[in-house]
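Examining the three-dimensional arrangement
For reference, the chains in residue letters:
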Amino acid sequence: MKITVFNGSPRKFTGNTHRIVKAFLKGCEKAGAKIENIFLASKKINHCMGCFHCWTKTPGKCIQRDEMDQLIPKFMSSDIVVLATPLYTDSVSSILKKFFERLLPIVKPHFERVNGETKHIPRYEKYPDFVFISNCGYPEYSQFQVLEHFSERLARELNAKLLLKIFRTQGELLSADHILLKPIIYKFLKSVEKAGYQLVKNGHVEKKIIESWEKPLIPIDMFLKKANEHWDEKLKKIQ
Ligand SMILES: Cc1cc2nc3c(=O)[nH]c(=O)nc-3n(C[C@H](O)[C@H](O)[C@H](O)COP(=O)(O)O)c2cc1C
């Protein structure tokens, strides 16, 4: 099984998104998957021009020459793609969004109606399935409501099964260096690793693991207090 990660965090290797991705991939590899981890922030990707030439002049191919020429074949030849992003303005980062918009050539211009709604006709017989990974700054799971919906809509449009969503609130805690947080973070990342293993081995992940991700890592009151103290400290240094 081939799994490719497209990570849209500008922090790349040092990001909280990557901490989750790393644990997930560890589990996938243990279960025998072949993995590739791509940081989109390191790639030259122009924005979609909206010309529709990928549907008319050069069907199935964008007229722009940049690193999407290599990324689309990697996307299409994967069994599972992991779409990873920090939550930015309630949604995916612009880095990941730009990548999605450049996937227009992989569907045909023509319309079809599926379950009462219009979508584009697939260009290919097989599309990769999706795993969505995100983390955000705020502590409530409801912060992911746009992404919950968006991930489902995108999977529908790109003919993918949405296999799993790993959304982590209080994401900045993942890189906080505090002794009391270590066992909490360890437990979370172990559960993500286990999920990667189970997904590759069994095709699904235990419900209790998925449900555990909806709970905050530390109580919300404590989190707010500590987060505000942290910003006070930072601001004191510039005074
Ligand atoms: C421009 C910007 C927008 C953000 N928007 C949100 C947001 O809407 N909701 C939220 O909970 N966190 C938001 N955050 C916080 C990030 O999701 C958080 O810092 C995350 O841990 C970053 O992940 P990364 O280290 O992988 O980049 C935002 C951060 C930035 C820089």
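Structure: above.
Keep in mind it's a predicted model, so treat the numbers as computed, not measured. (Residues numbered from 1 in each chain as written. Predicted model: local features only at pLDDT ≥ 70, side-chain atom pairs only at ≥ 80, totals over all residues. Heavy atoms only, no water.)

Two numbers describe a pair of packed helices, the interaxial angle and the distance between the axes. With their axes 7 Å apart at the nearest point, helix 1 (residues 16–30) and helix 5 (residues 182–202) run at an angle of 40° to one another. Taken together, the axes of helix 1 and helix 5 are oblique relative to one another. The way helix 1 lies across helix 5 gives a crossing that is right-handed. Residue-level contacts link R19, I20, A23, F24, K26, G27, C28 and K30 of helix 1 to F188, L189, V192, E193, A195, G196, Y197, L199 and V200 of helix 5. Residue composition of the contact of helix 1 with helix 5, grouped by class: eleven nonpolar, two polar and four charged. (Axes fitted to C-alpha atoms, helices over the stretch in contact; angles between N-to-C directions. Helix = DSSP H or I, 4+ residues; strand = E, 2+ residues; numbered from the N terminus. Parallel < 35°, antiparallel > 145°, perpendicular 65-115°, else oblique. Left-handed = near helix turned anticlockwise from the far one by under 90°. Contact = heavy atoms within 4.5 Å. Nonpolar A, V, L, I, M, F, W, Y, C, P; charged D, E, K, R; others polar.)

A few words on the pattern of salt bridges. Here the structure, examined in full by the defined rule, presents 22 salt bridges. We note a salt bridge from E193 to K30, for which the minimum N-O separation is 2.6 Å. In this pair, E193 is assigned in helix 5 and K30 in helix 1, connecting sequence segments 163 residues apart. With relative accessibility at 8%, the residue E193 sits in the buried group. Taking the relative accessible area as the measure of exposure, K30 reaches 53% and is therefore exposed. One salt bridge in this structure joins K190 and E193, with 3.2 Å as the shortest N-O distance. (Salt bridge = Lys/Arg side-chain N within 4 Å of Asp/Glu carboxyl O. Buried < 20%, exposed > 50% of the residue type's maximum accessible area, 1.4 Å probe, protein only.)

Scanning the model with the defined rule gives twelve aromatic pairs in all. With a centroid separation of 6.3 Å and 50° between ring planes, the pair formed by F99 and F100 is classed as tilted. The same class applies to F99 and to F100, which are both buried. Cluster of aromatic residues (ring-pair linked, three or more members): F6, F75, F99, F100, F130, F132 and F150. (Phe/Tyr/Trp six-rings, centres within 6.5 Å; stacked < 30°, edge-to-face > 60°.)

Along the polypeptide, G137 turns up in the loop between strand 6 (129–135) and helix 4 (145–157). For G137, a relative accessible area of 41% puts it in the partly exposed group. If near-sequence neighbours (up to four positions away) are discounted, G137 is found in contact with Q170 and F223.

Moving on: the site of the ligand. Around the ligand sit 15 residues, and of these S9, R11, T17, N135 and E172 come closest. One of the side-chain nitrogen or oxygen atoms of E172 is found 2.6 Å away from an oxygen atom of the ligand. With the chains in place, 76% of the 650 Å² that the ligand exposes on its own is no longer accessible. Residue composition of the shell around the ligand, by class: five nonpolar, seven polar and three charged. (Near = heavy atom within 4 Å. Polar contact = N/O pair within 3.5 Å; in protein donor to acceptor, adjacent residues only side chain to side chain. Areas by Shrake-Rupley, 256 points an atom, 1.4 Å probe, with all protein chains shown as cover.)

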